[in-house]
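The primary structure of each chain is shown beneath.
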Amino acid sequence: MAKHWADFQYEIYLNGMTGAVPRLPTDLTRLEELTEQRLGPGPVGYVAGSAGNGSTARANREALDRRRIVPRMLRDVQERDLSVDVLGRPLPAPVALAPVGVLSIMHPDAESAAARAAAAQGVPYILSSASSTPMEQVAEAMGDAERWFQLYWAKDREVTRSFLDRAKAAGYTALLVTLDTPLLAWRPRDLDQAYLPFLHGVGTANYFSDPTFQAGLAKPVHEDPNAAVMHFVGMFADPGKTWPDLAFLRENWDGPIVLKGVLHPDDARRAADAGMDGVVVSNHGGRQVAGSVAAADALPRVVEAAGDRLTVLFDSGIRTGDDIFKALALGAEAVLVGRPYAYGLGLDGQAGVEHVIRCLLAEFDLTLALSGHARPATLGPDDLIEETA
Ligand SMILES: Cc1cc2nc3c(=O)[nH]c(=O)nc-3n(C[C@H](O)[C@H](O)[C@H](O)COP(=O)(O)O)c2cc1C
Ligand SMILES: O=C(O)C(=O)c1ccccc1
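Let me begin by describing the structure that accompanies this report. The structure presented is a predicted model; accordingly, all values stated were derived computationally and were not measured. (Residues numbered from 1 in each chain as written. Chains lettered and ligands numbered in written order. Predicted model: local features only at pLDDT ≥ 70, side-chain atom pairs only at ≥ 80, totals over all residues. Heavy atoms only, no water.)

### Quick look at the site of ligand 2
Right, on to step 1. Looking at ligand 2, the residues that line it are Y46, A130, Y152, L184, R187, F198, F236, H284 and R287.
Right, on to step 2. Side-chain polar atom of Y152 to an oxygen atom of ligand 2: 2.5 Å apart, as the coordinates give it.
Right, on to step 3. The separation between an oxygen atom of ligand 2 and a polar side-chain atom of H284 is 2.6 Å.
Right, on to step 4. Relative to its unbound accessible surface of 290 Å², ligand 2 loses 95% to contact with the protein. (Near = heavy atom within 4 Å. Polar contact = N/O pair within 3.5 Å; in protein donor to acceptor, adjacent residues only side chain to side chain. Areas by Shrake-Rupley, 256 points an atom, 1.4 Å probe, with all protein chains shown as cover.)

Following this line, the structure appears as structure tokens:
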């Protein structure tokens, strides 16, 4: 019998018999405010912030809220199985932790704590290129648990090659290449505080620990950290890249490659033509293009364009179990979750991240069951209606 994620609900009530209540709220939309109260506005502003006046982040929520589930009755949901195969990997549920950089601004144990939480719950951890901990150290914290690597595709081809070699050697099985961040967007919350973590050397661990990156410096990082930061800033993204450049990644990575940040169906077709294995339909949680199409509104057309040529993943705005249900019903094979686990980490370290994973999956399991489904595979567009204004 497969594990029932919904058992967490019963566990919470049972613990209540001894007077214990959960350390964090089970409505994950409350975590942002709580984190801000505890950690202060600087770091939380970076995590919570979005592009422009926040319209894309709001649209992400509206597009999910506008879709309503139409539950079905009497369909035997006693035994349920949330497991899925994604990119040829068996996962216990259709959820992974999104790549979120600079996590040391939330907690000193940073990515290692988040990775341990993912490993403990069996969900994949996607490590950001801009992590505050080197990829080998995060890998070590996870044992042989499922991990994927997110690439910020550097200007310097040899640094990129070195990252790919290191990620492979450290056991990261899939590569997510983020395409929507060739520049950092206009983010008023960060601008108003003049706060950018990298300038303080946060989020540069993979670069500073890289032999090829180091070879490009006149002095070792510890002798001239400012020069190292400037070297990083100059190379970490490359607005000059075009579709033919993907051939380099295809030649240098044996496992699955997924392009993160695809919103247009034609870009999905180009991804398949370039030999990519999947896409993440994402607008970076509303942090890049202000005024962008909501990720959930872009999803159906990308799913249609992908056909059976690409694995389609989804992120941007997932906060609850019913959001996961909706994304899957719109055609995503799995979802990534970003900010909620970053807040969980800020509030309670590894345990806080585990809390977030368990709440989301318990709620998803219950939503699935109460709507008449025993497996993610039976979800489809018929399970939703779209409200019109
Ligand atoms: C603080 C922060 C840092 C992020 N860093 C990265 C990153 O390094 N690489 C990346 O591909 N996406 C990054 N993202 C975007 C997430 O991977 C994901 O697309 C987004 O958070 C999903 O939206 P959500 O936060 O609403 O779940 C970051 C997001 C946040 C909030
Ligand atoms: O802040 C972000 O959204 C992001 O993707 C990022 C970019 C560079 C380094 C760290 C995070």
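### Re the packing of aromatic side chains
Right, on to step 1. Across all of its chains, the model carries 11 aromatic pairs by this definition.
Right, on to step 2. Consider the rings of F163 and Y207, whose centres lie 4.8 Å apart with planes at 55°: the pair is tilted. Highlighted residues: F163 in helix α7 (residues 157-169) and Y207 in helix α9 (residues 205-208), separated in sequence by 44 residues.
Right, on to step 3. Residue classification places Y207 among the buried positions, given a relative accessible area of 0%. (Phe/Tyr/Trp six-rings, centres within 6.5 Å; stacked < 30°, edge-to-face > 60°. Helix = DSSP H or I, 4+ residues; strand = E, 2+ residues; numbered from the N terminus. Buried < 20%, exposed > 50% of the residue type's maximum accessible area, 1.4 Å probe, protein only.)

### With respect to the packing of helix α15 (residues 321-329) against helix α16 (residues 339-370)
Right, on to step 1. In the contact formed by α15 and α16, the axes pass within 7 Å of each other and the chain directions differ by 60°. In this view, α15 runs oblique relative to α16, as classed from their interaxial angle. In this structure, α15 meets α16 at a crossing whose hand is right-handed. On α16, the residues that touch G321, D322, I324, F325 and L328 of α15 are L360, E363, F364, T367 and L368.
Right, on to step 2. Looking at the contact of α15 with α16 residue by residue, the class counts come to six nonpolar, two polar and two charged. (Axes fitted to C-alpha atoms, helices over the stretch in contact; angles between N-to-C directions. Parallel < 35°, antiparallel > 145°, perpendicular 65-115°, else oblique. Left-handed = near helix turned anticlockwise from the far one by under 90°. Contact = heavy atoms within 4.5 Å. Nonpolar A, V, L, I, M, F, W, Y, C, P; charged D, E, K, R; others polar.)

### A closer look at helix α6 (residues 135-142)
Right, on to step 1. Here α6 has its buried residues at M135, V138, A139 and M142. Buried residues of α6, viewed axially, fall in a sector of 100°; they line one side.
Right, on to step 2. Tucked into the core, α6 has its buried residues touching α5 (110-121), β5 (125-127), β6 (147-151), α7 and α9.
Right, on to step 3. Of the residues one or two after α6, G143 is the one with positive phi, at around 60°. (Arc of directions from axis to C-beta.)

### Focus on the pattern of salt bridges
Right, on to step 1. This model, assessed by the stated rule, comprises 19 salt bridges.
Right, on to step 2. Note that D297 and R66 form a salt bridge whose closest N and O atoms lie 3.0 Å from each other. Within this pair, whereas D297 is found in helix α14 (residues 295-306), its partner R66 is found in helix α4 (residues 55-66), the two being separated by 231 residues in sequence.
Right, on to step 3. The class for R66 is partly exposed, based on a relative accessible area of 24%.
Right, on to step 4. We note a salt bridge from K241 to D238, for which the minimum N-O separation is 2.6 Å.
Right, on to step 5. Taken together, the salt bridges that share partners define one network made up of R66, R67, D297 and E386. (Salt bridge = Lys/Arg side-chain N within 4 Å of Asp/Glu carboxyl O.)

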